[in-house]
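Observations on the model geometry
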Amino acid sequence: MKKTHFETDAVRTQSARTQHKEHSTPLYLTSGFVFDDSEEMRASFAEEKQRDLYSRYSNPNTSEFIDKICKMEGAEEGYAFASGMAAIYSTFAALLSAGDHIISARSVFGATHSLFTKYFPKWQIETSYFKVNELETITDLIQPNTKIIYAETPTNPGVDVLDIEVLSRIAKKHGLLLIIDNCFATPYLQQPIKFGADLVIHSATKLIDGQGRVLGGVTVGTKDLMREIYLFSRLTGPSLSPFNAWVLSKSLETLAVRAERQCENALRLATFLEGHPKVNWVKYPFLKSHPQYEIARKQMKLGGVVVTFEVQGGVAAGQQFFDNIQLCSLSANLGDSRTIVTHPASTTHAKLEEEDKRAVGITDGLVRCSLGLEHVEDIIADIQQALQTL
Ligand SMILES: *Cc1c(COP(=O)(O)O)cnc(C)c1O
């Protein structure tokens, strides 16, 4: 059969099925697996035979989830983690040694930034940062001990877009690995490996689950790199639970249709906000006014589910806006079927120093809106009435 499409792979990839021939993949809640005889057990542990041994290593449900993500991302292999942060931490920990150096975009997820600044230095792993709109400065940051270039695109919460092709050209020229956190785009909108990334990481908690139920993470990439990550992870135990893997594999079946509608809603809201008198500016990758619009069009299928904008009037106006929201949820999650508004300055990014906040473009009036699946007119009406109170 010829190569099938994203939507077909999402629905039809079924790695696990018992003798009962269930149509829907069952849940394999088992910590271990049994062997017919001592020779089978020996051969399995020696990896001469490919099969499930113990759920910290692999499980039919996690394997199905990983197989789907690998197909979607065009990756050779992967490993599934209990959360996005477990995926990020384990990927770095597996690949780096004391004395190594990372070059990272300045705008990365808050917890990732804390890993770089608070914990990695304990193991003599240092990080240098570049601004998302100054990729040409990366070459100056390269040291003899640099191992990895790391970035997210689009970024959180600024929805800046980084050119993955440019990043990969720099990485390849200097023998570095390029790792992309593809959480904001999902594999449906963007496949970084196509543009030269070596590894792709997801927090599956966000749009992959898409209904705000479970935490999960995944790293996919080349066979050799994934082997290192697998060996480290099966030993240290950050593995995804079979139950969460089962939920997430089901979620992937609807990712394409959810993402289509949520991105459409996001573009509608962004377009509405662009002319609004109470809004200083609005950023969305598929708005022509976005500074990296051309790059977004090149590497993304749609603009994503997050719209960022600044309300007029600073902190007080920001709080008033949030207190008047009626339909949307005030929450820190994103990619949910429910529209969520977040105030990064007082929540997710509150711990950042003033200077760091400015460096990643977080202002007091900045609102991050993750569009859900409610009717777009109801979402816009809610945001409109909250803006009118300002
Ligand atoms: C949420 C998020 C993470 C962390 O994922 P968890 O599943 O919450 O651990 C990492 N990167 C990005 C871009 C995120 O949005």
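Residues numbered from 1 in each chain as written. Predicted model: local features only at pLDDT ≥ 70, side-chain atom pairs only at ≥ 80, totals over all residues. Heavy atoms only, no water.

**Description of the pattern of salt bridges**
Using the criterion set out here, one finds 14 salt bridges in the structure. Of the charged contacts in the structure, one is a salt bridge between Lys-223 and Glu-77, with a shortest N-O distance of 3.6 Å. Placement of the pair is Lys-223 in helix H9 (residues 223-236) and Glu-77 in strand E1 (residues 77-81), with a sequence separation of 146 residues. The salt bridge involving Glu-165 is made with Lys-298; its shortest N-O contact spans 2.7 Å. Note that Glu-165 is positioned in helix H7 (residues 164-173) and Lys-298 in helix H12 (residues 293-299), a separation of 133 residues in sequence. Judged by relative accessible area, Glu-165 falls into the partly exposed class, the value being 31%. Several salt bridges share partner residues, and in doing so they unite Glu-39, Arg-42 and Glu-48 into one network. (Salt bridge = Lys/Arg side-chain N within 4 Å of Asp/Glu carboxyl O. Helix = DSSP H or I, 4+ residues; strand = E, 2+ residues; numbered from the N terminus. Buried < 20%, exposed > 50% of the residue type's maximum accessible area, 1.4 Å probe, protein only.)

**Looking at a positive patch on the surface**
Together, Lys-3, Lys-71, Lys-194 and Lys-301 make up a region of like positive charge exposed at the surface. Among the structural elements, Lys-3 can be located in the segment before helix H1 (6-12). (Patch = residues over 30% accessible without salt bridge, like charges linked within 9 Å, V, L, I, M, F, W, Y side chains within 5 Å. Areas by Shrake-Rupley, 256 points an atom, 1.4 Å probe, with all protein chains shown as cover. Lys, Arg positive; Asp, Glu negative; His and termini not counted. Charge placed at Lys NZ, Arg CZ, Asp CG, Glu CD.)

**Side note on the packing of helix H11 (residues 255-274) against helix H15 (residues 376-388)**
Across the interface, H11 lies against H15 with an axial gap of 10 Å and an inter-helix angle of 30°. The angle between H11 and H15 places the two elements in the roughly parallel class. Relative to H15, H11 is oriented so that their crossing is right-handed. When H11 is examined against H15, the residues Asn-265, Arg-268, Leu-269, Phe-272 and Leu-273 are found in contact with a partner set consisting of Val-376, Glu-377, Ile-379, Ile-380, Ile-383, Gln-384 and Leu-387. (Axes fitted to C-alpha atoms, helices over the stretch in contact; angles between N-to-C directions. Parallel < 35°, antiparallel > 145°, perpendicular 65-115°, else oblique. Left-handed = near helix turned anticlockwise from the far one by under 90°. Contact = heavy atoms within 4.5 Å.)

**So, the side chain of Asp-100**
When you line up the elements, Asp-100 lands in the loop between helix H4 (84-95) and strand E2 (101-105). Among the residues examined, Asp-100 registers a relative accessible area of 7% and is labelled buried. Discounting chain neighbours no more than four positions away, the residues touching Asp-100 are Leu-95, Gln-124, Ile-125, Glu-126, Asn-145 and Lys-147.

**Structural notes on the domain arrangement of the protein chain**
On domain assignment, one finds that the protein chain holds domain 1 (6-252) and domain 2 (255-387). Look at where the C-alpha atoms of domain 1 and domain 2 centre, and you get two points 27 Å apart. Taken residue by residue, the interface counts 35 residues in domain 1 and 36 residues in domain 2. Taking both partners together, domain 1 and domain 2 bury about 3100 Å²; carbon and sulfur atoms supply 59% of that area. Across the domain 1-domain 2 interface, the total number found is three salt bridges. Between Lys-283 and Asp-160 there is a salt bridge; the shortest N-O distance is 2.9 Å. At the boundary of domain 1 with domain 2, the tally comes to 19 residue pairs in polar contact (both at pLDDT 80 or more). Sort the elements by how many residues they give to the side of domain 1 that touches domain 2 and helix H8 (residues 186-189) lands first, with four residues. (Domains from an automatic or database assignment. Buried area = accessible area lost by both parts, 1.4 Å probe. Polar contact = N/O pair within 3.5 Å; in protein donor to acceptor, adjacent residues only side chain to side chain.)

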